[in-house]
Amino acid sequence: MVRKQVVLRREEILDATVEQIKQRGIATTRVADVAEALGVSSGLLHYHFATKELLVEEAFSYAAQREMEVLRATVARSSPALTRMKALLRLYAPTGQAAGWRLWIDGWSAGMRDTGLHDVMRTMDEEWKSAMVQLIQEGTDSGEFRCADPREAAWRITLFLDGLAVQLVARRGALQKAEAARWVREHVAAQLGIDPADLAARRAAPPQPVTS
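Cut-offs and rules
- Residues numbered from 1 in each chain as written.
- Predicted model: local features only at pLDDT ≥ 70, side-chain atom pairs only at ≥ 80, totals over all residues.
- Heavy atoms only, no water.
- Helix = DSSP H or I, 4+ residues; strand = E, 2+ residues; numbered from the N terminus.
- Expected span 1.5 Å × (residues − 1).
- Buried < 20%, exposed > 50% of the residue type's maximum accessible area, 1.4 Å probe, protein only.
- Contact = heavy atoms within 4.5 Å.
- Core = buried A, V, L, I, M, F, W, Y, C linked by side-chain atoms within 4.5 Å.
- Salt bridge = Lys/Arg side-chain N within 4 Å of Asp/Glu carboxyl O.
- Axes fitted to C-alpha atoms, helices over the stretch in contact; angles between N-to-C directions.
- Parallel < 35°, antiparallel > 145°, perpendicular 65-115°, else oblique.
- Left-handed = near helix turned anticlockwise from the far one by under 90°.
- Phe/Tyr/Trp six-rings, centres within 6.5 Å; stacked < 30°, edge-to-face > 60°.
- Lys NZ or Arg CZ within 6 Å of the ring centre and 35° of its normal.

Peer 1: I keep staring at helix H5 (residues 81-92) and nothing clicks. Help me out?
Peer 2: Within an α-helix, residues lying three or four positions from one another point in the same direction, as the helix has 3.6 residues per turn. Helix length check: H5 (12 residues) gives 16 Å between terminal C-alpha atoms against 16 Å at 1.5 Å per residue, within 8%. Looking only at H5, the buried set comprises Ala 81, Arg 84, Met 85, Lys 86, Ala 87, Leu 88, Leu 89 and Tyr 92. Residues of H5 that are buried make contact with helix H4 (52-75), helix H6 (101-111), helix H7 (115-142), helix H8 (150-170) and helix H9 (177-192).

Encoded structure:
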């Protein structure tokens, strides 16, 4: 492999590290693996990050920050609370578009032994819960949701999704995704005081016949 002679941006290194961790897991990802993926020497990576532990912490912090930017943008939209809740579930729920659950589960596990990584994961978790509380409160204030305690509802929703993610990731194939998606709709709807059908994805309207 041809080695790059230019100095890499930190973002390139962190992107590559995140991808290697997704593929290999934290425990088996080596600095050499990241270097090989980038086509550079391990020495160049050690110039930026003295140890693998620092590289992993920075990579998780970088990935979390990108996810939080999407989260904030979603919550800040001017659309109805229900529309934003459905978008939030697509981001967070393991039955939606969330592709990073393997990464985050690995991070929580490793964070039990790594204080820096634990802090990164805790900060991300707290912001997710805070955003969920804010959105549920907005929906309750507008009359879209019927929820007596937005904070409790947010915790119940996120805890359910976290547990479901562990099952879907750790026991692949044990649960059908369509069934899990129905459970998500039913659980979230119960917390918000709405009909589960309100959380279903809208189907495209059937084509109308052409009239002259």
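Next, the rest of the story.
Peer 1: Is there a simple way to think about the nonpolar core in this case?
Peer 2: Grouped burial of nonpolar side chains is what soluble globular proteins tend to show. Grouped together as the largest cluster of nonpolar side chains are 61 residues, with contacts concentrated most on Leu 45, Phe 60, Met 85, Trp 104, Ile 136 and Leu 192. For this core, the element with the most residues is H4, which contributes 10 residues. Those residues in contact with Leu 45 that sit more than four places away from it in its chain are Ile 13, Val 31, Val 34, Ala 35, Leu 38 and Val 40.

Peer 1: I would appreciate a short explanation of the environment of Val 70 in the present structure.
Peer 2: Along the chain, Val 70 falls in helix H4. In the structure, Val 70 is positioned 21 residues away from Leu 91 in sequence and 8.6 Å away in space, judged by C-alpha atoms.

Peer 1: Could you clarify how one ought to interpret the environment of Trp 183 in this entry?
Peer 2: Tracing the sequence through the fold places Trp 183 in helix H9. Residues Trp 183 and Phe 160, spaced 23 residues apart in sequence, show a C-alpha to C-alpha distance of 9.7 Å. Setting aside residues no more than four positions away along its own chain, Trp 183 makes contact with Phe 160 and Leu 175.

Peer 1: What exactly am I supposed to notice about the pattern of salt bridges here?
Peer 2: When charged atoms on two side chains of opposite charge get close, those side chains can pair. Summed over all chains, the structure comprises 13 salt bridges. Residues Arg 66 and Asp 15 are paired through a salt bridge, measuring 2.9 Å at the closest nitrogen-oxygen approach. Placement of Arg 66 in helix H4 and of Asp 15 in helix H1 (residues 10-24) is noted, with a sequence separation of 51 residues between them. The closest approach of N and O atoms between Lys 129 and Asp 125, which form a salt bridge, is 2.9 Å. Taken together, the residues Lys 129 and Asp 125, both in helix H7 and four residues apart, mark about one turn of the helix. The structure contains a network of salt bridges with shared partners spanning Arg 9, Glu 11 and Glu 12.

Peer 1: Explanation requested: the packing of H6 against H7 in the structure shown.
Peer 2: The relative placement of two packed helices is expressed as an angle between their axes plus a distance between the axes. Closest axis-to-axis distance for the H6/H7 pair is 8 Å, and the angle between their directions is 130°. Of the possible angle classes, the one that applies to H6 and H7 is oblique. When you trace H6 past H7, the crossing you get is left-handed. Seen from H6, the contacting residues are Trp 104, Gly 107, Trp 108, Ala 110 and Gly 111; seen from H7, they are Leu 117, His 118, Met 121, Arg 122, Met 124 and Asp 125.

Peer 1: Hey, could you run me through the packing of aromatic side chains in this one?
Peer 2: How two aromatic rings sit relative to each other is set out by the distance from centre to centre and by the angle between their planes. For the coordinates displayed, the defined rule picks out three aromatic pairs. Ring centres 6.0 Å apart and planes at 65° place the aromatic pair Phe 60 and Trp 104 in the edge-to-face group. Of this pair, Phe 60 sits in helix H4 while Trp 104 is found in helix H6, placing the two residues 44 residues apart along the sequence. For Phe 60, a relative accessible area of 1% corresponds to the buried category. For the pair Tyr 92 and Trp 101, a centre-to-centre distance of 5.5 Å together with 75° between the ring planes defines the contact as edge-to-face. Side by side, Tyr 92 and Trp 101 carry an identical accessibility label, which is buried. Among the aromatic residues, those joined into a cluster by ring pairs are Tyr 92, Trp 101 and Trp 128. For the cation-ring pair, Lys 129 lies above Trp 155, with the distance from its terminal atom to the ring centre recorded as 4.5 Å.

The values are spatial; any link to function lies outside them.
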